[in-house]
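# A closer look at the structure
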Amino acid sequence: QVQLVESGGGLVQAGGSLRLSCAASGRTFSTYTMGWFRQAPGKEREFVARISGSGGSTRYADSVKGRFTLSRDNAKNTVYLQMNSLKPEDTAVYYCASSKVVTNIPTLYNYWGQGTQVTVSS
(Lines give C-alpha, C1' and ligand atoms only; values in the text may rest on other atoms or scores of the structure.)
Protein backbone atom coordinates (compact mmCIF):
# COMPACT_ATOMS: atom_id res chain seq x y z
CA GLN A 1 0.00 0.00 0.00
CA VAL A 2 1.26 3.46 -0.91
CA GLN A 3 -0.09 6.66 0.60
CA LEU A 4 0.43 9.94 -1.21
CA VAL A 5 0.01 13.40 0.29
CA GLU A 6 0.16 16.52 -1.86
CA SER A 7 0.95 19.99 -0.63
CA GLY A 8 1.89 23.40 -1.98
CA GLY A 9 -1.26 24.46 -3.76
CA GLY A 10 -2.76 27.90 -3.39
CA LEU A 11 -3.80 31.13 -5.06
CA VAL A 12 -1.33 32.89 -7.33
CA GLN A 13 -1.51 35.62 -9.95
CA ALA A 14 -0.95 34.87 -13.60
CA GLY A 15 2.75 34.72 -14.34
CA GLY A 16 3.55 33.54 -10.85
CA SER A 17 5.00 30.28 -9.59
CA LEU A 18 4.11 27.48 -7.22
CA ARG A 19 5.86 24.29 -6.21
CA LEU A 20 3.76 21.26 -5.45
CA SER A 21 5.11 18.40 -3.38
CA CYS A 22 3.93 14.84 -3.08
CA ALA A 23 5.20 12.77 -0.18
CA ALA A 24 4.87 9.00 -0.39
CA SER A 25 4.90 6.28 2.22
CA GLY A 26 6.58 2.94 1.76
CA ARG A 27 10.04 1.58 1.09
CA THR A 28 9.70 0.95 -2.64
CA PHE A 29 9.18 4.53 -3.79
CA SER A 30 12.00 4.40 -6.33
CA THR A 31 10.29 1.55 -8.18
CA TYR A 32 7.25 3.67 -9.03
CA THR A 33 6.64 6.03 -11.89
CA MET A 34 5.14 9.17 -10.37
CA GLY A 35 2.66 11.26 -12.26
CA TRP A 36 0.77 14.50 -11.83
CA PHE A 37 -2.72 14.97 -13.18
CA ARG A 38 -5.19 17.82 -12.88
CA GLN A 39 -8.91 18.24 -13.06
CA ALA A 40 -10.71 21.51 -13.62
CA PRO A 41 -14.42 21.91 -12.86
CA GLY A 42 -16.54 20.22 -15.49
CA LYS A 43 -13.55 18.70 -17.25
CA GLU A 44 -11.93 15.31 -17.44
CA ARG A 45 -8.84 14.54 -15.42
CA GLU A 46 -5.82 15.19 -17.62
CA PHE A 47 -2.19 14.19 -17.62
CA VAL A 48 0.30 16.89 -16.63
CA ALA A 49 3.69 15.20 -16.20
CA ARG A 50 5.37 11.98 -15.15
CA ILE A 51 8.81 10.90 -14.00
CA SER A 52 10.39 7.46 -14.00
CA GLY A 53 11.45 5.69 -10.84
CA SER A 54 15.08 6.69 -11.20
CA GLY A 55 14.19 10.22 -12.21
CA GLY A 56 16.04 9.83 -15.48
CA SER A 57 13.00 10.20 -17.71
CA THR A 58 10.27 12.80 -17.70
CA ARG A 59 7.31 13.59 -19.94
CA TYR A 60 5.08 16.63 -20.01
CA ALA A 61 1.77 17.56 -21.52
CA ASP A 62 2.18 20.03 -24.36
CA SER A 63 0.16 22.58 -22.41
CA VAL A 64 2.79 22.76 -19.63
CA LYS A 65 6.00 21.97 -21.49
CA GLY A 66 8.65 24.60 -20.86
CA ARG A 67 6.79 25.98 -17.83
CA PHE A 68 6.55 23.01 -15.44
CA THR A 69 9.43 20.88 -14.18
CA LEU A 70 8.99 17.55 -12.42
CA SER A 71 11.70 16.12 -10.19
CA ARG A 72 11.99 13.56 -7.43
CA ASP A 73 14.11 12.88 -4.38
CA ASN A 74 14.01 9.15 -3.71
CA ALA A 75 15.86 9.56 -0.42
CA LYS A 76 12.92 11.67 0.80
CA ASN A 77 10.16 9.71 -0.98
CA THR A 78 9.01 12.96 -2.53
CA VAL A 79 8.29 14.35 -5.97
CA TYR A 80 8.16 18.04 -6.79
CA LEU A 81 6.27 19.86 -9.52
CA GLN A 82 7.70 23.32 -10.09
CA MET A 83 5.15 25.42 -11.95
CA ASN A 84 6.29 28.69 -13.48
CA SER A 85 4.58 31.25 -15.71
CA LEU A 86 1.22 30.09 -14.46
CA LYS A 87 -1.86 30.86 -16.49
CA PRO A 88 -5.54 31.04 -15.48
CA GLU A 89 -6.14 27.87 -17.50
CA ASP A 90 -3.81 26.02 -15.12
CA THR A 91 -6.47 26.38 -12.42
CA ALA A 92 -7.46 22.90 -11.26
CA VAL A 93 -7.13 20.35 -8.51
CA TYR A 94 -3.75 18.70 -8.93
CA TYR A 95 -3.25 15.06 -8.02
CA CYS A 96 -0.13 12.99 -7.74
CA ALA A 97 -0.27 9.28 -8.44
CA SER A 98 2.01 6.28 -8.62
CA SER A 99 2.25 3.47 -11.13
CA LYS A 100 4.35 0.36 -11.63
CA VAL A 101 4.47 1.09 -15.35
CA VAL A 102 5.74 4.09 -17.30
CA THR A 103 2.53 5.62 -18.60
CA ASN A 104 0.44 8.77 -19.04
CA ILE A 105 -2.85 6.86 -18.67
CA PRO A 106 -4.66 7.67 -15.42
CA THR A 107 -6.32 4.27 -15.11
CA LEU A 108 -2.90 2.63 -14.93
CA TYR A 109 -1.98 4.56 -11.80
CA ASN A 110 -2.74 2.50 -8.71
CA TYR A 111 -2.46 5.02 -5.90
CA TRP A 112 -3.63 8.62 -5.74
CA GLY A 113 -3.31 11.51 -3.38
CA GLN A 114 -6.24 13.58 -2.17
CA GLY A 115 -5.41 16.51 -4.44
CA THR A 116 -4.38 20.10 -3.90
CA GLN A 117 -6.13 23.14 -5.33
CA VAL A 118 -4.23 25.52 -7.60
CA THR A 119 -5.97 28.73 -8.54
CA VAL A 120 -4.43 31.23 -10.93
CA SER A 121 -6.05 34.64 -11.10
CA SER A 122 -5.87 36.84 -14.17
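The rules behind the values
Residues numbered from 1 in each chain as written. Predicted model: local features only at pLDDT ≥ 70, side-chain atom pairs only at ≥ 80, totals over all residues. Heavy atoms only, no water. Salt bridge = Lys/Arg side-chain N within 4 Å of Asp/Glu carboxyl O. Buried < 20%, exposed > 50% of the residue type's maximum accessible area, 1.4 Å probe, protein only. Helix = DSSP H or I, 4+ residues; strand = E, 2+ residues; numbered from the N terminus. Disulfide = S-S within 2.5 Å.

### Re the pattern of salt bridges
In the structure shown here, the tally under the stated rule is four salt bridges. Between Asp62 and Lys65 there is a salt bridge; the shortest N-O distance is 3.1 Å. In this structure Asp62 comes out as exposed when scored by relative accessible area, which is 66%.

### Describing the environment of Val101
Locating Val101 in the fold gives a position in the loop between β9 (92-99) and β10 (111-112). Measuring from C-alpha to C-alpha, the distance between Val101 and Val12 comes to 33 Å, with 89 residues separating the pair along the chain.

### Some remarks on the state of the cysteines
Tallied over the full model, the rule gives one disulfide. Disulfide partner of Cys22: Cys96, at an S-S distance of 1.9 Å. Its torsion about the S-S bond being 50°, the disulfide of Cys22 and Cys96 is classed as right-handed. Remark: Cys96 occurs in strand β9 and Cys22 occurs in strand β3 (residues 18-24); sequence separation between them is 74 residues. Exposure remark for Cys22: the relative accessible area of 0% places this residue in the buried category. Since its relative accessible area comes to 0%, Cys96 is described here as buried.

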